[in-house]
Each structure stands twice: as C-alpha cells, then as structure tokens.
Amino acid sequence: MLGYIPALPFFGFLVLSLGGRFLPRKAVAIIGAGTVVLAALLTMVFGIRWLNDPPVQGAYQQLLWNWFTIGDLSVAVRLRVDALTLVFVFIITFVGALIHIYSTAYMKHDRDYARFFACMNLFVGAMLLLVMADNLVLLYLGWEGVGLCSYLLIGFWYETPANCNAANKAFLVTRIGDTAMLIGLFLLYQKLGTFDIQSILLRSPRQFVAGAHDITLIALLLLAGGMGKSAQIPLQTWLPDAMAGPSPVSALIHAATMVTAGVYLIARMHVLFLLSPQTMAVTALIGGITLFAGGCSAMVQTDIKRVLAYSTISQIGYMFLALGLGAWGAAIFHFFTHAFFKALLFLAAGAVIESLHHEQDIFRMGGLRKRLPLVFYSFVAGAAALAALPFISAGFYSKDPILWYAYSARGGNVLLYLLSLAGAGLTAFYSTRLVLVVFGGVERTPVFEKPARAMNLPLVILAVLAVTVGFIEWPHNLLRLDLFSGFLEGVLPAPVLKGGLPSEGLFQFIAAAVTLLGIYAGYVLYRGRKEVLQKWQRSASIRAVRLFFLSGWGFDILYRTLFVRPFLFVSGIGKPDWLDWLNKGIARVSLALSSLLSVSQNGSLRWYIAGVLIGVLFIITLQLVL
Amino acid sequence: MTPIGANTVLVVAAALFVLGLAAALTRKNIIFILIAVEVMLNASGLAFVAAGAKWHQPDGQVMFLFILAMAAAEISVGLALVLQIYHQHKTLDVEDLKELSD
Amino acid sequence: MPILFYISSLVTLVATVIAITRYHPVHALLYLVVSFLAMSMIFLSLGAPFVAVLEVIVYAGAIIVLFIFVVMMLNLGKDTARQESEWLRPKVWLIPALLSLVLLGEMVALLVIGAEGEMHISVVDPARLSLSLYGGYIIAVELIGFLLMAGIVGAAHIGKHTKKHLHRFLQEKEMEKQEINI
C-alpha cells in the first residue's frame, strides 16, 4: 500500500503528459490535483495508523522490485517510511495538494494547462521517491528528478528568454552540488560497500574514526550537495532568479519541498555528520552566514517574490544552523512550520499579483487591505509566523529553540547566537515592511479581479495552520508538550548542550524583544515617519549599501567575473575551430587544385585534340624507352 | 619482283594519319576539321587492309567495310550538325563554340 | 606490281599534303578526291579489288559529294578562303606540325624495330570476302545496319529546318526566340 503514495502522482504525470492535450480543462484539473489529494489522504491514513499503533521496527517498508544487480551490488526499489520520512511525506502531499487546488484556478487562463500539472505531478512523485527511498541510489534518482522538474517549471513560460536563462542557472548551480554529492556517494560505497541507508547508519560508527579525513570528506561532499539544492551560500544565486516561474511553483518547489531536500539529506545521514565535528561546524557557520545575508538582501528588494525568495534562503539558513549544532529535531520542526507559512506567503503573493494583473513591484501596490481582505488577513498570518511573533504564530515555536541552541549547544558560540538574533530582527523588519507596503497606504494599481474560490480556500487553511501548528511543540520551561520531537525520537537524537548555562527564559525574552523591536522599526519607517527613509535615500553611502544588499551581496557579479567571463573567453578562442584546420585544409587544397586544373577545360576543341596527342606520345615514348 | 615490305605499307598509313592529325589541330573551320577526320579514317582503313593482305585473309577488308559505313554515318550526322551550328551561331569558327567550359 | 604501290602511295601523300593546306574548301575537297583515287590504286595493288571499288564509290563518290553539297549550301567561297588565309599563320601550324612529326617519328621507329616481314600479294576474291562477311561477321553487319539507321534518323532530325510563317509584326520576336531552340 505504501507504493501508492508516490505512484499516484507518477500516474497523473503519465496521463497528463501523454494525453493532456486532448483532455478538457476540467479533466486535467481533476487528474492533476486529484492524484496529489488522494496521495495526501493516503498519507493521513498511514499517519493515523502510525499514531494508534506504531510499527515495530519504527518504520513501514515495502519492496517494489529489484532494480539492478551488478556483481556484488544489488539495488532495489524499496520504500521505507520512518518518522522523519512521514513528516516529509505529510508536508509534501498535504501542502502539495493545497497548492495543486490553488493552481487549478491560478493557471486557468494558461495555454499549457496540462503540461503544468504534468510537471507538478512529476515533481511530487520524484520528491516522494527522494524521501521514501531506502537506499542512496534511489534517493539520488529522486534528487535528480526534482532538479529536472525545477528546471521544467522555472522555465515554464519558455517563450521569454529570461525564464530559460533562469532555469538554466538553477539547473547548473544545483548541478555543482549534485556532482559533489555523487562523489560523496561513491566514496561512501568505496568505504562501506553498500548503498542501503540503514546499514550505512549502523556500520559507520564502527568503520570510521570520528574526525578522520575520510569521513570528513564524505560529510563535506554531502553537505555540498545539500547546499546546492537548498540554496545556501555559496550556491544560493539561483533561487532569486527562479522566481521567474509561476507562483504555485515558487510555493511548492522553492519554499516548501525541493529546497528542503538538503535538510532531509543531512538529517537522514546525521550519523555521518556526527562523526565529523568539523563538518558540523562548517554547516552551522554556513547556516549562520546565509541567514544573515539573506535577511539583509530581503529587506531592500522591490519585487514581492524576490523578498520571499531571499526570505526562504534565510530561513533555510536557520535550518542548516540547527543541523550544524546537532539540534536535528528543532531543524525539522522549523522545516515543518516554514513549509506552511512560506507556501501561504507565496500563494497569497500570487493572488495579489494576479489581482493586479501581473504587477510585482511592491512600491506600485498599496491600499489592498480593504480591497482584498481575505488575502490580507492570510498574508498577515503568514508574515507573523515568518517574523516569529511571540506565542500566537507557529514560527515562534520553531525559531526560538534554534536561537537557544545557537548559544547553548555543544557547537554553539556567541557569534552564531548574535548572527541568528540579528537575523531574527531583520526577518521581523522586512516582514513588516512587506505587509505595510503591499497592503497599506494609498492604492497605486487598481484591483482588476478578485481571486477565485479555489485560490481562497488553500489560503484560509494554510493561515489557520500557520497560527496553530506551533502549539504541538512548546519550549520546556513553559509547557511540557513536545509531541513533535517525541514523534521523531526514534530517528533523530537530541542535541547535546554545554554545561553551566543561564536560564532558557532569558534567551526567549531577548528573542521576543528583538522581534518586537524589528516590527516596531518597520512600522516606524514605513508607516509613521516616512521622512527618515527619504533622508536615507539621498545619502550616497546608504544607497551603495542598499545596492550591495539588492544584488544579493554581489555573488552574481563575483561569479560572473570568476567563472563566466573566463569561460566565455576561452570558448571564444576556440570559436574559429582550430582543430578543424586539417579538414578545412584538405578541402581548400582540393579546391585550389580544381581551379588550377579547370584551366584545361576551356572548351576549345583543338586543345582537347592536342591533349589526346600528347597523351599518345607519352605512352609510345614509354613503350620505346622501357 | 621484290615484294613489298609489310612495314612499308604501315609507314604510309602512319604518315597519312599524322597528316590528318596535324590538319585537325591546325584548322579552325569546322569543315576543314571534318575533312581532316576523313583523312585519318582513311589512313586507318589502309592499315587494316594491309594487315589482311599480309595474311591472305578477308578479315582486313571486312574491317575496312565497317569503317567505311561508320564514316558515312558519322559524316552525315556531322554535316547536319554543321548546318545547325551555322544557322544558330552564324559562324563556323570552332573557337566560338566554347560554352561547355568550366 | 610493287611499282604500282610505290607510285600510288606517293601520289596519295602529295595530294593529301596539298589538300590540307588549301584555303578554299572546294579546292581542298577536290585534292582529297585525288588522294582517295590514288588510295584505291593502293588497295588494288595489295590484292583487294572489292575494297578499291568501294573506296571510289562510297568514299570519293558519296562522302566527298556530301561535303561539297554542304559547302555549296552554306555558300562558303571567297570569304572562307580569305578567312582561312588570315587564320593560317605560321605560328598557328608550327607547333602542331612539330608534335605530329614527333608522333610520326615514334611510329616509324616502332615499325622499324619490329619484325620485318615480306608480303606476297595474292588477290582476295570478293566471293571470299562476302562469305566471310555474311558468315562469321553477320552480327557486325546487323550492328552496322543499326548504326546507319541511327545516322539517317539523326541526320534527318537534326538537319530539319522548320520555318514558321508569322505575321510581320510578330516576326521580330520570333527571330529572338529561334536563337534558343534546336
């Protein structure tokens, strides 16, 4: 029965890609969204069964078929769902189902309706395969599959060259990470001789010495793979440009699921990472830098989707920070809540963009609070969760533990704590900025049409969840309720804390204070005294800083100078095709000879007779001489 | 009566042939070129007859008959072509008919 | 008999030399007739009477006459003679003559080096000739028939000169068009 969960979206993909052109729109919508909804229902059935009667080994397994056998290596298509996988499967199918329902209305006017749902279904199927895989080869298949679908969906409106460039950029940058991960997988196989995840996790502590070079290399390579897919520095440049795809794509792929594949990988292979403390430190540092840089960039963007893209980069930085500190459960919980509120924000942004007829510049929006009330309230719920508004938003319950662990975990230190704290303040600031600029103030672009009901329903559901879903996991000093980490207990170990720590409550108070300070700052600058902003706009140094943040800390320019320009230069050298000179030379020589000999073809009869005569003379002379 | 040397006749035939060849190379008028071709054909016929006479076989004369018939057919078609050339290009100069060049 | 051969071959060579150096086409053709008649005498001296007669009848009597007809039809007379005298400058015929002389020298050398044999002339009857012609060479005779047929049809078609009768206003356009078709 387990196999039906990924099989349903794959079936939907097959039907829609082969025959979607011939089906009516309604049928396409029913098949496209219906398969994912069915998969979500099936997941919920499994989940309820699990909660009532947890399985003995801590996982459901199902062998589908034997994929290939080469010598000693035998790889099978076997699905294994344990607690971690179940969380991911639930998010993928549930949030995916809501987004598919939303897209039936959002993409209604599009010419390529069936192709959209085919690609989305393929993506859901591949992502499910990724998280349900029992062995690393199957996981890599899903990994590549989601990369492919990301490319297909970013460049969905392929007639615009900019979209194709964005899709290429996404694919190429993630490919760098994928290659590193593949090398890591090869090294792992070389050392352990198997691809099966459970046996790898069991045998690694005996095989490897903690902190040795080989395990550190493997862990770093896997980390690189995760960095590529999850858009962490230095492989983060593709995500802002990936906003060229439709909003449901951004919601599903670049907020909730694909970019969290790296988080899943690291959490799944946590044994390897625990064996290499250097890699954990690198992970935490990367997470810390990314969340800060993402936050800085998000607060100066003018395109609504780019703000959310940099925000995603920043939030996944929090997840990586938590992973690097050994707080696996906290990272997964933050993923859980982030999926809900980020998908909500993207869907609401899509609703706004559609209503204003494809206006994406936030400074041309405004005054939408009265015109689109439902969108406004759901957006506020999502933004509050993003900013981690104390107590009444899910983000608070997931982000605060990470801040606490940034200081208190064994790998934590003051620098990481300060970075994450600053990041929290920035997040609150830009969330407030976004809400105020888009929905408050004077209306600059009129609302052309209100969103359809199919678009409103997922917004409402996600808004409710964004507020309430945090309540399943409270901090220990406030309430003894940790349903989530209890659920994951068998799979992920608890974080190790340093000794002699101050009370957790102090840190929570500081975090809440910083959040409120950020919200207040946003309110003051964008609603209260706007003249401060105008003064800043005139200052040249602030404008320079703003440009720096706007370009995502200059990574695009850096990569263009370091890699793109030299590559183009070298390929330009080869453009005249030097290696072809032999062929061209032969052709040129024969042409020259031919033009030489064609002089003898002058059409004059007497020359021809003379030619015959000279030939005969030559032959007879040979006869006489030899 | 000294018999004729076999090679003597062939030398005569060779001389006639070479005369015809020289004329074909030299002349520009088509009529004269055709005349030269006739001379060459005649010379080769003489060679055949001489060979047949040496061995007392009629085969040489048979060959000459064939050459004769072929020359007749060739000259009739050739002269008809000369007529057409004259009507179209108004000249009998072979150097003006160079359109088949490269 | 050999003396007949030597005199006839001398006459042939001289007549041919003169024939190919004439300017006027009719003059050249007439000297060619003389050359052919002398050739016929050579054949006779070699013991081939039938071929000798045939040479006179067909070659001198039909082919040269055909030539003369065409020359008269194209009205090649004084103008051609003048043209040929302009064209036949020494620098035109010197090199071909040299090349041809070289060829002649080589052929004579080949013949001299080769085996020297003596020819005893005996007459080959027309009867024997016809027996061989319609005996072993019957297929070749048929093929020659094909050849002559092709020659007749070809000559008739190529030589056809269709004259269209047009209104005088259309005659200029027709003059241009006729340049192209064959």
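Structural data are supplied above this passage.
Bear in mind the structure is a predicted one, so any value in this text is a computation, not a measurement. (Residues numbered from 1 in each chain as written. Chains lettered and ligands numbered in written order. Predicted model: local features only at pLDDT ≥ 70, side-chain atom pairs only at ≥ 80, totals over all residues. Heavy atoms only, no water.)

1. Regarding the overall build of chain A
For clarity, the threshold we go by: For the purposes of this entry, the term helix denotes a DSSP run of H or I that reaches at least four residues, the term strand denotes a run of E that reaches at least two, and both are numbered from the N terminus. Contacts are residue-level and defined by heavy atoms, with any inter-residue pair within 4.5 Å sufficient. Areas reported as accessible are Shrake-Rupley estimates using a 1.4 Å probe. Residue values count occlusion only from the protein chains shown.
When helices and strands are tallied, chain A shows 27 helices and two strands. Taking as baseline every contact in chain A between residues at least 6 positions apart, the subset at least 24 positions apart corresponds to 80%. When the accessible surface of chain A is summed, it comes to about 27,100 Å², and 69% of that surface belongs to carbon and sulfur atoms.

2. So, the layout of surface pockets
Residues and elements named next belong to chain A. Selection criterion: The definitions used throughout rest on a 1 Å grid laid over the protein atoms alone, on which a cavity is an enclosed set of points accommodating a 1.4 Å probe that cannot get out and a pocket is an open set flanked by protein within 12 Å on both sides along at least five of seven lines; lining residues are those having an atom within 4 Å of a point. Grid points are joined across faces, edges and corners, and a volume is the space filled by probe spheres set on the points. All residues other than Ala, Val, Leu, Ile, Met, Phe, Trp, Tyr, Cys, Pro, Asp, Glu, Lys and Arg, Gly among them, are scored as polar; the first ten of these are nonpolar and the last four charged.
The space that makes up the largest pocket amounts to roughly 890 Å³. For the lining of the largest pocket, the elements supplying multiple residues, two or more each, are helix H19 (414-439), helix H22 (504-528), helix H23 (531-538) and helix H24 (540-550). It is H19 that provides the largest number of residues to the lining of the largest pocket, a total of six residues. Here the residues of the lining of the largest pocket are counted per class, giving 15 nonpolar, six polar and six charged.

3. Focus: the interface of chain B and chain A
Applied cut-off: Note on definitions: buried area is the accessible-area loss of two parts on being combined, 1.4 Å probe, summed for both. Put simply, a salt bridge is a Lys or Arg side-chain nitrogen that is within 4 Å of an Asp or Glu carboxyl oxygen.
On the chain A side, the residues contacting the 13 residues of chain B number ten residues. Buried area between chain B and chain A, both sides added, is near 1,000 Å², and the carbon and sulfur share of it is 63%. At the surface where chain B touches chain A, the tally comes to one salt bridge. With its nearest N and O atoms 3.2 Å apart, the salt bridge here joins Arg606 of chain A to Glu95 of chain B. Of the residues forming the side of chain B that touches chain A, the biggest block, four residues, is contributed by helix H1 (residues 6-26) of chain B. Partitioning the side of chain B that touches chain A into residue classes produces six nonpolar, two polar and five charged.

4. Points about empty space enclosed by the protein
All names here are of chain A. Enumeration over the complete set of coordinates arrives at eight cavities of 30 Å³ or more. If you add up the space inside the largest cavity, you get close to 70 Å³. Lys169, Gln236, Thr237, Pro240, Asp241, Arg306, Tyr310, Ser551, Gly552, Phe555 and Asp556 together form the lining of the largest cavity. Elements that contribute at least two residues to the lining of the largest cavity include exactly helix H9 (238-241), helix H14 (304-324) and helix H25 (555-573). Split by residue class, the lining of the largest cavity holds three nonpolar, four polar and four charged. When its volume is computed, the second largest cavity comes out at roughly 60 Å³. Around the second largest cavity sit Asp400, Pro401, Leu403, Trp404, Tyr417, Pro475, Glu504, Phe507, Gln508 and Ala511, which together line it.

5. Comments concerning the packing of aromatic side chains
Residue and element names in this part refer to chain A. Defined as follows: Centres within 6.5 Å make a pair out of two Phe, Tyr or Trp rings, where for Trp the six-membered ring is used; the pair is then stacked when the planes are under 30 degrees apart, edge-to-face when over 60, and tilted otherwise. Only when the NZ of Lys or the CZ of Arg is both within 6 Å of the ring centre and within 35 degrees of the ring normal is a charge said to sit over the ring.
This structure, assessed with the given rule, holds 38 aromatic pairs over all chains. Cluster of aromatic residues (ring-pair linked, three or more members): Phe90, Phe94, Phe333, Phe336 and Phe340. Taking NZ or CZ as reference, Arg49 lies 5.8 Å from the ring centre of Tyr60, over its face.

6. Here we look at the side chain of His338 of chain A
Tracing the sequence through the fold places His338 of chain A in helix H15 (residues 328-355). His338 of chain A has contacts with Ala255, Thr312, Gln315, Met319 and Ala343 of chain A, leaving out every residue within four places of it along the chain.

7. Section: the interface of chain B and chain C
As a reminder, the rule being used: Polar contacts, as counted here, are pairs of nitrogen or oxygen atoms within 3.5 Å of one another; within protein the pair requires one atom able to donate a hydrogen and one able to accept it, and residues that are adjacent in sequence qualify only if both atoms are side-chain atoms. In this scheme, strands are said to pair when DSSP sees at least two bridges between them.
On the side of chain C, 82 residues touch chain B, which itself brings 68 residues to the contact. Carbon and sulfur atoms supply 78% of the area that chain B and chain C bury against each other, a total of about 6,900 Å² over both sides. In terms of surface lost to chain C, no three residues of chain B exceed Ile4, Arg27 and Gln61 of chain B, which account for 10% of the buried area on that side. Our count for the chain B to chain C interface comes out at zero salt bridges. Our count for the contact surface shared by chain B and chain C stands at nine residue pairs in polar contact (both at pLDDT 80 or more). Mapped onto the side of chain B that touches chain C, the elements with two or more residues apiece are strand S1 (4-5), H1, helix H2 (30-54) and helix H3 (59-89) of chain B. When residues in the side of chain B that touches chain C are grouped by element, the largest group, 24 residues, is from H3 of chain B. Among the residues forming the side of chain B that touches chain C, the class breakdown is 48 nonpolar, 14 polar and six charged. In terms of strand pairing, S1 of chain B meets strand S1 (residues 118-119) of chain C through two bridges, oriented antiparallel. Paired with Gly5 of chain B across the two strands is Glu118 of chain C, which belongs to S1 of chain C.

8. A closer look at H15 of chain A
Residue and element names in this part refer to chain A. Note the cut-off: One less than the number of residues in a helix, times 1.5 Å, gives the span that helix is expected to have. The bend reported for a residue corresponds to the angle between axes fitted to the seven residues ending at that residue and the seven starting there. Think of it in three bands: residues with accessible area under 20% of the maximum for their type are buried, residues over 50% are exposed, and the middle band is partly exposed, with areas taken using a 1.4 Å probe on protein chains only.
The end-to-end C-alpha distance of H15, which contains 28 residues, comes to 40 Å, matching closely the 40 Å that a straight helix rising 1.5 Å per residue would cover. In the structure, H15 departs most strongly from a straight axis at His338, where the bend amounts to approximately 30°. The buried fraction of H15 is high, at 28 of 28 residues.

9. Focus: the packing of helix H1 (residues 2-20) of chain C against helix H2 (residues 25-45) of chain C
Residue and element names in this part refer to chain C. As a reminder, the rule being used: Here, axes are lines fitted to C-alpha atoms. For helices the fit covers the stretch in contact, and angles between N-to-C directions go from 0 to 180 degrees. Convention used here: angles under 35 degrees read as roughly parallel, angles over 145 as roughly antiparallel, angles from 65 to 115 as roughly perpendicular, and any remaining angle as oblique. What makes a crossing left-handed is the near helix being turned counterclockwise from the far one by less than a right angle; a clockwise turn instead makes it right-handed.
Where H1 meets H2, the closest approach of the two axes is 8 Å, and the angle between their N-to-C directions is 160°. As summarised for this structure, H1 and H2 are arranged roughly antiparallel, according to the angle between their axes. The handedness of the crossing between H1 and H2 comes out as left-handed. The residues of H2 that touch H1, namely those facing Leu4, Phe5, Ser8, Ser9, Val11, Thr12, Ala15, Thr16, Ile18 and Ala19, are Ala28, Tyr31, Leu32, Val34, Ser35, Ala38, Met39, Met41, Ile42 and Ser45. Of the residues contributing to the contact of H1 with H2, the split by class is 14 nonpolar, six polar and no charged.

10. As for the pattern of salt bridges
A complete count under the given rule lists 19 salt bridges over all chains for this structure. Look at the salt bridges and you will find they share partners, linking Arg111, Asp112, Arg115 and Glu159 of chain A into a network.

11. Some details on the pairing of strand S1 (residues 59-70) of chain A
Across a regular strand the side chains alternate sides, sitting on one face of the sheet and then on the other. All names here are of chain A. Sheet topology places S1 next to strand S2 (residues 73-82); ten bridges connect them, and they run antiparallel. Of the residues in S2, the one forming a bridge with Asn66 is Ala76. What sits between S1 and S2 in their antiparallel hairpin is a turn of two residues, with Gly71 showing a positive phi close to 60°.

12. Observations concerning a positive patch on the surface
Stated formally: Surface patches are drawn from residues lacking salt bridges whose relative accessible area is over 30%; two like charges belong together within 9 Å, two nonpolar side chains (Val, Leu, Ile, Met, Phe, Trp, Tyr) within 5 Å. Only four residue types enter the tally: Lys and Arg on the positive side, Asp and Glu on the negative side; His and the chain ends are excluded. Where a charge lies is defined by one atom per residue type, namely NZ (Lys), CZ (Arg), CG (Asp) and CD (Glu).
On the surface, Arg369, Lys370, Arg444, Arg527 and Lys530 of chain A cluster together into a patch of positive charge. Inspection of the secondary structure puts Arg369 of chain A in helix H16 (residues 368-371).

13. Some words on the environment of Gly145 of chain A
Topologically, Gly145 of chain A is positioned in helix H5 (residues 136-154). With a relative accessible area of 17%, Gly145 of chain A lands in the buried category.

14. What about the packing of H5 of chain A against helix H6 (residues 161-192) of chain A?
All names here are of chain A. As a packed pair, H5 and H6 sit with axes 8 Å apart at the nearest point and diverge in direction by 170°. Classified by the angle between their axes, H5 and H6 sit roughly antiparallel to one another. Residue-level contacts link Leu136, Leu139, Tyr140, Trp143, Glu144, Gly147, Leu148, Tyr151 and Ile154 of H5 to Asn163, Ala166, Ala167, Asn168, Ala170, Phe171, Arg175, Asp178, Met181, Leu182, Leu185 and Leu188 of H6. Each residue belonging to the contact of H5 with H6 can be placed in one class, and the counts come to 15 nonpolar, three polar and three charged.

15. Things to note about the state of the cysteines
Residues and elements named next belong to chain A. Put simply, the rule is: The criterion for a disulfide is a pair of cysteine sulfur atoms lying within 2.5 Å.
Taken as a whole, this structure holds zero disulfides over all chains when the rule is applied. In this structure Cys149 is a free cysteine whose sulfur lies 6.4 Å from that of Cys119, the closest cysteine sulfur available. By relative accessible area, Cys149 is classed as buried at 0%.

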